[in-house]
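# Close look at the chain arrangement
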Amino acid sequence: MTLPSEVDKPLYFHLVEIRNRMLKICSAFLFVFALLFVFSTEVFEFLFSSLNEVFTLSPLLTPNKLALILSILSIVPFVIYQLLAFFLPDLALVNEGFKTVVMIVSLVYYGSLFFLITTI
């Protein structure tokens, strides 16, 4: 008995699919980074307002690096979703709870991130 995912697909089909998913991931990253880059100074001041000292080594680059790191951290659930959407059909796993699993992973990820930020 053959499952629908066991049907042989040409390599080109998989390459096109992974290319489309990588383009989605890159466009999401660029969108979030552009949004955070515009408000990088405000985000930096909001996160580090409790500190008395300001980073004097690179006041120009530090908010931009923070925007880059925050944009990477914010698209991690989207990246997980795209990776699972690419691999799960070929692994013949049950796709019924797919969105539930992604939501739970995202909530745990953001919950632990929030916990780490508030404890610092």
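Residues numbered from 1 in each chain as written. Predicted model: local features only at pLDDT ≥ 70, side-chain atom pairs only at ≥ 80, totals over all residues. Heavy atoms only, no water.

Regarding its fold elements, the protein chain presents five helices and zero strands. The order of helices and strands in the protein chain, counted from the N terminus, is α-α-α-α-α. Here the protein chain holds 120 residues, and the buried ones make up 18% of them. A separation threshold of at least 6 residues defines the contact pool for the protein chain, and within that pool the share at least 24 residues apart is 72%. (Helix = DSSP H or I, 4+ residues; strand = E, 2+ residues; numbered from the N terminus. Buried < 20%, exposed > 50% of the residue type's maximum accessible area, 1.4 Å probe, protein only. Contact = heavy atoms within 4.5 Å.)

Time to look at the side chain of Gln82. Relative to the assigned elements, Gln82 resides in helix α4 (residues 76–91). Setting aside residues no more than four positions away along its own chain, Gln82 makes contact with Arg21, Lys24 and Ile25.

Taken as a whole and judged by the stated rule, the model has three aromatic pairs. Put simply, the rings of Phe29, Phe33 and Phe37 pair up and form one aromatic cluster. (Phe/Tyr/Trp six-rings, centres within 6.5 Å; stacked < 30°, edge-to-face > 60°.)

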